[in-house]
Amino acid sequence: MDTSTIWTSQLWWYLARAGGIVAWVLLAASMIWGLLLSTKLLGRRPHPAWVTDLHRFLGGLSVVFTAVHVAALVLDSYVSFGPAEVLVPFASHWRPAAVAWGVIATYLLVAIEVTSLLRHRLPRRAWRATHLLSFPLFGLGTLHALTAGTDAGTVAWQLVLAMAGATVLGLTAARQVRTRPYDGAGDGLKGGPGDATAAAGDARQAQLARARAVAGSRRRR
Ligand code: HEM
C-alpha cells in the first residue's frame, strides 16, 4: 500500500471517529441546555429567542455530525459498512450490539429533529411525546460511544462521558422535582424546553381573549 492510500484510508477512519465524538458532544450539550431550560435553572421565562434557538441549533448540528460519522464509516475500507450495516440494527458483523445502539440512536435523533422542524404542523402532544425520546437517545448514544469506539478505553474520553452523563442525570432528577405537571392540553406530560414558547403563546391568546371581551362589553354599553 503506498503512502497516499494509507493516508486516505486513515482519513476516513479519523473522520468517522471525530464525527462520532463531535456528534455526541453536541447531543450532550443540547440535552443539558434543554434541561436547564425545562428546570428553569436559567431563570423564569420569557427567555430571549436565542436561548431556545441554541438548544435547537445544537440538536440540528448533532444530526449533521452524525451524518459525517456514518458517511465516513461507509467510505472507510478497514471494516466494510454498507447500507444494511448502517440502517439495520444488529446487521453489522463488527461489534453488532455496540453498533446497533448507534443505529437506533440515529433513528431517534432523526425522529426528534424532523418532529421539531414540523412542530407547528403537529399536535402538541405528538411533538412532546417524540421529544421525550431524547432521554433514551442520550442513553443509547452514550452506551454506543462507550462500547463501539476506538477511544472507549481512553481515560479522558471516559471522564467526559461520565461527567456529561452525571450532569444529564442530575438535571433530569431536578426536572422531576421542579416542573409542575403540564396542564396545557391535559396530556399528563411534564414541562420541556418547548414550554417556554408554548406558554408565551397561551398567555398571548388569553390576553387577546380578555381584550376582546372588554371591547365587546364596552360596545354593548
Ligand atoms: C447509523 C448509525 C451509527 C453507526 C453505524 C455507528 C457506528 C460506529 C462505529 C463502527 C464506531 C467505531 C469507530 C471506530 O472507533 O473505529 C462508532 C464510534 C462512535 N460513535 Fe457511532 N455510529 C452510529 C451513530 C452514532 C450516533 C448517533 C452517535 C452520537 C450522537 C455516535 C457516536 C459515536 C462515538 C462518540 C463513537 C466513538 C468514537 C471513538 O471512540 O473514537 N454514533 N460508531
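Residues numbered from 1 in each chain as written. Predicted model: local features only at pLDDT ≥ 70, side-chain atom pairs only at ≥ 80, totals over all residues.

A word on the overall build of the chain
Right, on to step 1. When helices and strands are tallied, the chain shows 8 helices and 0 strands.
Right, on to step 2. Helices and strands appear in the chain in the N-to-C order α-α-α-α-α-α-α-α.
Right, on to step 3. With 221 residues in all, the chain has 25% of them scored as buried. (Helix = DSSP H or I, 4+ residues; strand = E, 2+ residues; numbered from the N terminus. Buried ≥ 20, exposed ≤ 12 C-beta atoms within 10 Å, placed from the backbone.)

Thoughts on the site of the ligand
Right, on to step 1. Of all residues adjacent to the ligand, which total 27 residues, the nearest are Arg 17, Gly 20, Gly 102, Gly 149 and Asp 151.
Right, on to step 2. No other element matches helix α1 (residues 3-38), which puts 7 residues into the shell around the ligand.
Right, on to step 3. Taken together, the residues that form the shell around the ligand break down as 15 nonpolar, 10 polar and 2 charged. (Near = placed C-beta within 6 Å. Nonpolar A, V, L, I, M, F, W, Y, C, P; charged D, E, K, R; others polar.)

Some points on the nonpolar core
Right, on to step 1. Leu 27, Ala 28, Met 31, Leu 137 and Val 168 are the most contacted members of the largest nonpolar core, which totals 18 residues.
Right, on to step 2. Top contributing element to this core by residue count: α1, with 7 residues.
Right, on to step 3. What Leu 27 contacts, discounting residues up to four positions off in sequence, is Ser 62, Phe 138 and Gly 141.
Right, on to step 4. Judged by nonpolar contacts, the second largest core, of 5 residues, contains Ala 16, Val 70, Leu 73 and Phe 81. (Core = buried A, V, L, I, M, F, W, Y, C linked by C-beta atoms within 7 Å. Contact = placed C-beta atoms within 7 Å.)

Structural notes on the packing of helix α6 (residues 134-147) against helix α7 (residues 155-178)
Right, on to step 1. It is the contact of α6 with α7, at a shortest axis distance of 11 Å, that shows an interaxial angle of 165°. Comparing their axes, α7 and α6 come out roughly antiparallel. Once α6 is placed against α7, the crossing between them reads as left-handed. In contact with Phe 138, Thr 142, Ala 145 and Leu 146 of α6, α7 contributes Leu 161, Gly 165 and Val 168.
Right, on to step 2. Its residues assigned to classes, the contact of α6 with α7 comprises 5 nonpolar, 2 polar and no charged. (Axes fitted to C-alpha atoms, helices over the stretch in contact; angles between N-to-C directions. Parallel < 35°, antiparallel > 145°, perpendicular 65-115°, else oblique. Left-handed = near helix turned anticlockwise from the far one by under 90°.)

So, the packing of helix α2 (residues 49-75) against helix α4 (residues 96-117)
Right, on to step 1. It is the contact of α2 with α4, at a shortest axis distance of 10 Å, that shows an interaxial angle of 135°. The angle between α2 and α4 falls in the class oblique. Like other packed secondary-structure pairs, α2 and α4 cross with a definite hand, here left-handed. Note on element contacts: α4 touches α2 through Thr 106, Leu 109, Val 110, Glu 113 and Ser 116, opposite Arg 56, Gly 59, Gly 60, Ser 62, Val 63 and Thr 66.
Right, on to step 2. Looking at the contact of α2 with α4 residue by residue, the classes come out as 3 nonpolar, 6 polar and 2 charged.

Considering the environment of Ser 134
Right, on to step 1. Summarising the element assignment, Ser 134 is placed in helix α6.
Right, on to step 2. The buried category is assigned to Ser 134, around which 23 C-beta atoms lie within 10 Å.
Right, on to step 3. Remark: the alpha-carbon pair of Ser 134 and Ile 112, spanning 22 residues in sequence, is separated by 7.3 Å.
Right, on to step 4. If near-sequence neighbours (up to four positions away) are discounted, Ser 134 is found in contact with Met 31 and Ile 112.

Observations concerning unusual backbone geometry
Right, on to step 1. Residues other than glycine seldom take positive phi values, yet Phe 90 does so here, at roughly 70°.
Right, on to step 2. For Phe 90, the location among the structural elements is in the loop between α3 (83-87) and α4.
Right, on to step 3. Exposure remark for Phe 90: the 11 C-beta atoms within 10 Å place this residue in the exposed category.
Right, on to step 4. Despite not being glycine, Arg 95 shows a phi value in the positive range, around 40°.
Right, on to step 5. For Arg 95, the location among the structural elements is in the loop between α3 and α4.
Right, on to step 6. With 15 C-beta atoms packed within 10 Å, Arg 95 lands in the partly exposed category.

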